[in-house]
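# Results of the structural survey
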Amino acid sequence: MLIDHPLLGPRDASEFVYLGDASLIDRPDWQADDAARAFHDYAYLRDNPAGPHRELWFHEGGDRSWLVVTRDTTTHEITDVRLARDVALERRRSS
Amino acid sequence: MHDLRPITALGADARREDAVGALTLTERPDIALASVAARLGREGEARDRLRAVIGAVPGPGEVQLHDPEAGFWIGPDQWMVGAPFDTHEDLAARLKARFGDTASITEQTDAWTCFDLRGAEVEDALELLCNLDVRRMETGSARPTVIHHLRCFVTRRDPPDWFRVVGPRASADTLHHAILDAMRSVA
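Residues numbered from 1 in each chain as written. Chains lettered and ligands numbered in written order. Predicted model: local features only at pLDDT ≥ 70, side-chain atom pairs only at ≥ 80, totals over all residues.

### So, the overall build of chain B
- Across its full length, chain B holds 5 helices and 11 strands.
- Taken over C-alpha atoms, the radius of gyration comes to 17 Å for chain B, in line with the 16 Å a tight globule of 187 residues would show.
- Counting the 187 residues in chain B, one finds 39% classified as buried.
- Taking the contacts inside chain B whose residues are at least 6 apart along the sequence as the reference set, 57% of them involve residues at least 24 apart. (Helix = DSSP H or I, 4+ residues; strand = E, 2+ residues; numbered from the N terminus. Rg over C-alpha atoms; globule rule 2.2 N^0.38 Å. Buried ≥ 20, exposed ≤ 12 C-beta atoms within 10 Å, placed from the backbone. Contact = placed C-beta atoms within 7 Å.)

### Observations regarding the sheet that holds strand S3 (residues 17-21) of chain A
Residues and elements named next belong to chain A.
- The sheet built from 4 strands is open, its strands ordered S3-S4-S5-S6 with antiparallel pairing. The two strands at the open ends of the sheet, each matched to only one other strand, are S3 and strand S6 (78-83). Each strand of the sheet is rotated relative to its neighbour by a mean of 30 degrees, with strand direction disregarded.
- Each of strand S4 (52-58), strand S5 (66-72) and S6 touches helix H2 (residues 84-94); the most contacted strand, S6, lies at about 70 degrees to it. (Pairing = 2+ DSSP bridges. Axes fitted to C-alpha atoms, helices over the stretch in contact; angles between N-to-C directions.)

### Structural notes on the sheet that holds strand S1 (residues 17-20) of chain B
Residues and elements named next belong to chain B.
- Sheet architecture is open: 6 strands sit in the order S1-S2-S8-S11-S10-S9, paired in antiparallel fashion. Strand pairing shows two members of the sheet lacking a second neighbour, S1 and strand S9 (142-147), which therefore form its edges. Across the sheet, the mean angle separating the axes of adjacent strands is 25 degrees when strand polarity is ignored.
- As defined by bridge partners, strand S8 (residues 112-118) adjoins strand S11 (residues 162-168) across 7 bridges and the pair is classed as antiparallel.

### Some details on the pairing of strand S10 (residues 150-156) of chain B
Residue and element names in this part refer to chain B.
- Among the 7 residues in S10, 5 count as buried, and that is most of the element.
- Of the strand pairs in this sheet, S9 and S10 are connected by 6 bridges, and their pairing is antiparallel. When the sheet's bridge partners are listed, Pro-144 is paired in S10 with Phe-153.
- Linkage of S9 to S10, two consecutive antiparallel strands, is achieved through a turn of 2 residues, within which His-148 is found at a positive phi near 55 degrees.
- With 4 bridges connecting them, S10 and S11 associate as antiparallel partners. Bridging across to S11, Phe-153 finds its partner in Val-166.
- Between S10 and the antiparallel strand that follows it, S11, lie 5 residues.

### Topic: the interface of chain B and chain A
- Listed per partner, the contact involves 10 residues of chain B and 12 residues of chain A.
- Secondary structure elements with two or more residues in the side of chain B that touches chain A: strand S5 (70-75) and S9 of chain B.
- Here the side of chain B that touches chain A gets 3 residues from one element, more than from any other, and that element is S9 of chain B.
- Here the side of chain B that touches chain A is composed, by residue class, of 5 nonpolar, 4 polar and 1 charged. (Nonpolar A, V, L, I, M, F, W, Y, C, P; charged D, E, K, R; others polar.)

### What to know about the confidence of the model for chain B
- A residue-level look at chain B finds 100% of positions with pLDDT of 70 or above and a mean pLDDT of 96.
- The ipTM for the predicted assembly is 0.82, set against a pTM of 0.90. (pLDDT = per-residue confidence, 0-100.)

### Side note on the domain arrangement of chain B
Residues and elements named next belong to chain B.
- Once the domains are mapped, chain B shows domain 1 (17-29 + 111-186) and domain 2 (31-108).
- A C-alpha centroid distance of 23 Å is found between domain 1 and domain 2.
- In this complex, domain 1 contributes 13 residues to the contact, which on the side of domain 2 involves 11 residues.
- Elements that contribute at least two residues to the side of domain 1 that touches domain 2 include exactly S8, S9 and S10.
- With 3 residues, the single largest contributor to the side of domain 1 that touches domain 2 is S9. (Domains from an automatic or database assignment.)

### Some words on unusual backbone geometry
- Look at the link from Asp-67 of chain B to Pro-68 of chain B: it is a cis peptide, with omega at -5 degrees.
- Of the consecutive residues Asp-158 of chain B and Pro-159 of chain B, the connecting peptide bond is found in the cis state with omega at 5 degrees.
- Phi at Arg-64 of chain A is positive, roughly 60 degrees, even though this residue is not glycine.
- Here Arg-64 of chain A lies in the loop between S4 and S5.
- The backbone phi angle of His-148 of chain B is positive, close to 55 degrees, even though this residue is not glycine.

In structure tokens form, the structure reads like this:
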């Protein structure tokens, strides 16, 4: 499997480490009133789609950047790769 | 009184040099390294200061070959800067003075080890070591990659039969062994 790194081009998946669902970027506010419940959901509840899935990959054998990869879990086809920092910064700007 | 003597990453008093066929492998303990990571919101200023130090701002996959300080891209808004150890042993402190609070500077000399691999079959040897397309790398190319399960940086120098491998110092012997193995396979 090849991951088309936005900065470094196509890279073998063996250079990467998989973390999981890209929703992990949205860490709950620990000071919120419902923080305990929010962290429970954040830590334990995941969708498990058969199809497109947004997930976090770490380029351990490369530039150490985190990527948000959209991968079809049934075919392993990768349709989108973005730097997680760009995704997170965009969200911060829009929220 | 302490009586300490410096040793190289491979544990010797002098640099290790190996020759297999037309290929040579030279340990480079004479290079000081420091990393530069631009601080959030200060990226533009940090780039200006980097340009002032090494003459350019290397983008992804690039190395700026420059004297005395040189540098290559290691990640978004991050660079590794190198200089001769004899004159720049305090490289991190010097860079800190140049960058101020626009970037975080970290001493890296004792975290990495450098090997120079040179010779006509250098591409053949590197192809056995990593999955980079080394034939498409030109002078001035710098790539992060994995060699022998170790995260390394490979840069192509001038003349182009010269590559430098920068790898984790704690695994210097393993890296040296792997490169030597590849040299024996192609020589």
